[in-house]
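Okay, here's what each chain looks like letter by letter:
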Amino acid sequence: MEIRQLHYFMAVCEEMHFTKAAEKIGVSQPTLSQQIRALEDELHMPLFDRIGKKISLTEAGELLLRNAEAIMDTLQNVKDSIADLRQVHGGKIRVGIMPSDLDYRITQLVVDFHRDFPQVKLMVIASIDILRQVLESEVDIGVGTNVPETDRIVSIPLCTEEYVLTVSANHPLAARTTIDIHELRDVPMIIYPEGFMGRELVEEAVRRHGFRLHSILETSSATSIINLVREGLGATVQPYPLIRQMNDPTLRTIRIEGGAPCRSLSIIYRSDRYLSQAAKAFMERIQNYFQPRR
């Protein structure tokens with residue numbers, strides 16, 4: 001069994017069409033079919049059920065696909081580790097982080113890292129589905145919120161952050177320093193759409209008190225939310241360190257009493273993934289950056 005054959009096999013699995021798979025990997029359709037046949041002959045089992053022009057994986061094919069993905073991951077880890085020996089300060093790092101933190105919090109971290117490691121290509125990707133992206137190797141490491149425990153993920157706790165009510169300086173509540181969580185029931189809110197972690201955390205907190213947020217405007221952009229709040233159209237509930245980082249004199253923060261929402265931030269990466277020296281250095285920077293301030 002050759003690595004090339006596994007590449008061919010996985011291409012067919014992705015497209016579920018021999019001609020499309022052949023076009024994707026740049027070989028002729030007869031060549032592709034021949035290699036798949038050779039693989040089936042070696043395994044003494046069909047990998048695909050062929051019904052007319054349609055194909056589907058057999059049980060043997062499903063088993064091979066699962067193991068082929070693991071083999072390719074291992075091979076990539078070997079290549080990455082060897083490349084890392086050649087260039088400790090080079091390579092590429094893909095980091096998944098929540099849009100709000102990307103917009104407002106980590107710019108200086110990225111600037112400092114680039115100055116110290118100018119040969120490292122750093123790709124910082126805004127995402128609301130960081131766990132999935134880490135598991136599917138779309139990113140190397142992620143900074144996630146309330147990440148569930150799993151054997152496939154290494155999770156390094158960073159900090160726990162409390163949410164606060166955030167309003168403009170001319171909002172009716174602007175003079176308040178605290179507000180009971182029950183009072184949020186009647187506050188017009190500008191928030192993320194349903195399904196966003198920042199929305200679900202707050203909704204879960206108020207749901208325990210028997211109500212839902214009074215949403216008047218929803219947007220997936222943290223920048224838009226803050227701009228709309230700044231214009232006095234409504235309030236929002238955001239992590240306090242995020243608002244503090246903005247250092248905006250036109251905003252006011254009001255502490256929520258009686259069960260404020262909280263989020264736990266963690267660095268996450270796949271337990272079977274090789275991390276380059278540059279990636280480890282970036283993780284160390286993240287840990288130092290997110291350490292709670294005294």
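Residues numbered from 1 in each chain as written. Predicted model: local features only at pLDDT ≥ 70, side-chain atom pairs only at ≥ 80, totals over all residues. Heavy atoms only, no water.

## Some words on helix H8 (residues 197-207)
For clarity, the cut-off: Note on classification: 1.4 Å probe, protein chains only; a residue is buried when its accessible area is under 20% of the maximum for its type, exposed when over 50%, partly exposed between these limits. Labels follow the DSSP assignment, with helices taken as runs of H or I lasting at least four residues and strands as runs of E lasting at least two, numbered in each case from the N terminus. In what follows, residue pairs with any heavy atoms lying within 4.5 Å of each other are defined as contacts.
All of the buried residues along H8 are Gly198, Arg199, Leu201, Val202, Glu203, Ala205 and Val206. At its buried positions, H8 is contacted by strand E5 (141-145), strand E6 (153-168), strand E8 (188-191), strand E9 (214-218), strand E10 (236-239) and strand E12 (262-270).

## Thoughts on the pairing of E9
Threshold: Pairing between strands requires that DSSP locate at least two bridges from one strand to the other. Here a crossover is taken to be right-handed if, once the strands point away from the viewer, the path from the first strand over the helix to the second is traced clockwise.
Of the pairings in the sheet, the one linking E8 to E9 comprises 4 bridges and is parallel in character. When the sheet's bridge partners are listed, isoleucine 190 is paired in E9 with leucine 217. One crossover worth recording links E8 to the parallel E9 by way of H8, and it is right-handed.

## Details of the side chain of threonine 145
One can find threonine 145 in strand E5. On the accessibility criterion, threonine 145 (8% relative accessible area) is buried. Among residues more than four places away in sequence, those in contact with threonine 145 are Met98, Met197, Leu201, Arg263, Ser264 and Leu265.

## Things to note about the packing of aromatic side chains
Threshold: Stacked, edge-to-face and tilted are the three classes for Phe, Tyr and Trp ring pairs, Trp counted by its six-membered ring, which pair at centre distances within 6.5 Å; planes under 30 degrees apart are stacked, over 60 edge-to-face, the rest tilted.
Evaluation of the coordinates by the stated rule reveals 6 aromatic pairs. Ring centres of phenylalanine 18 and phenylalanine 48 lie 5.8 Å apart, and the angle between their planes is 70°; on these two criteria the pair is classed as edge-to-face. In this pair, phenylalanine 18 is assigned in helix H2 (residues 18-25) and phenylalanine 48 in strand E1 (residues 48-51), connecting sequence segments 30 residues apart. Each ring, one from tyrosine 289 and one from phenylalanine 290, has its centre 5.4 Å from the other, and the planes form 75°; the classification is edge-to-face. You can call phenylalanine 290 buried: its relative accessible area is 4%.

## Quick look at a nonpolar patch on the surface
Condition: Nonpolar side chains (Val, Leu, Ile, Met, Phe, Trp, Tyr) are joined into patches within 5 Å and like charges within 9 Å, using only residues with over 30% relative accessible area and no salt bridge. With residues, only the protein chains shown are counted as cover, and all accessible areas are computed by Shrake-Rupley using a 1.4 Å probe. Whenever Lys or Arg places a side-chain nitrogen within 4 Å of a carboxyl oxygen from Asp or Glu, that contact is recorded as a salt bridge.
Taken together, the side chains of Met1, Leu43 and Met45 make up a nonpolar region of the molecular surface, amounting to roughly 270 Å² of accessible area. Checked against the element boundaries, methionine 1 lands in the segment before helix H1 (3-15). Residue methionine 1 is classed as partly exposed on the basis of its relative accessible area, which comes to 47%.

## Thoughts on the nonpolar core
Let me state the cut-off plainly: By convention a nonpolar core is built from buried Ala, Val, Leu, Ile, Met, Phe, Trp, Tyr and Cys residues, the set being connected through side-chain atoms within 4.5 Å.
In terms of nonpolar packing, the biggest core is built from 30 residues, with Ile93, Phe113, Ile141, Leu158, Phe282, Ile286 and Phe290 touching the most fellow members. Secondary structure elements with two or more residues in this core: strand E3 (92-97), helix H6 (107-116), helix H7 (130-135), E5, E6, E12 and helix H11 (277-289). Of all the elements, H11 adds the most residues to this core, at 6 residues. What isoleucine 93 contacts, discounting residues up to four positions off in sequence, is Phe113, Val120, Lys121, Leu122, Met123, Asp140, Ala278, Ala279 and Phe282. By size, the runner-up hydrophobic cluster in this structure holds 22 residues, among which are Leu173, Val202, Leu213 and Ala260.

## As for unusual backbone geometry
Despite not being glycine, serine 137 has its phi angle at roughly 60°, a positive value. Structurally, the position occupied by serine 137 is in the loop between H7 and E5. Unlike most non-glycine residues, asparagine 146 shows phi in positive territory, near 50°. Inspection of the secondary structure puts asparagine 146 in the loop between E5 and E6. With relative accessibility at 36%, the residue asparagine 146 sits in the partly exposed group.

## Looking at the side chain of glutamate 203
Relative to the assigned elements, glutamate 203 resides in helix H8. Residue classification places glutamate 203 among the buried positions, given a relative accessible area of 1%. If sequence neighbours within four positions are ignored, glutamate 203 has contacts with Arg212 and Leu213.

## Things to note about the packing of H6 against H11
The line we're drawing: Between N-to-C directions, angles span 0 to 180 degrees; the directions come from axes that are lines fitted to C-alpha atoms, helices contributing only their stretch in contact. It is the rotation of the near helix from the far one that decides the hand of a crossing: anticlockwise by less than a right angle makes it left-handed, clockwise makes it right-handed. In this count, Pro and Cys sit with the nonpolar residues alongside Ala, Val, Leu, Ile, Met, Phe, Trp and Tyr, while Asp, Glu, Lys and Arg are called charged and the others, Gly among them, polar.
With their axes 11 Å apart at the nearest point, H6 and H11 run at an angle of 145° to one another. The interaxial crossing formed by H6 with H11 has right-handed handedness. Of the residues in H11, those in contact with Leu109, Asp112, Phe113 and Asp116 of H6 are Ala278, Ala281, Phe282, Arg285, Ile286 and Tyr289. Split by residue class, the contact of H6 with H11 holds 7 nonpolar, no polar and 3 charged.

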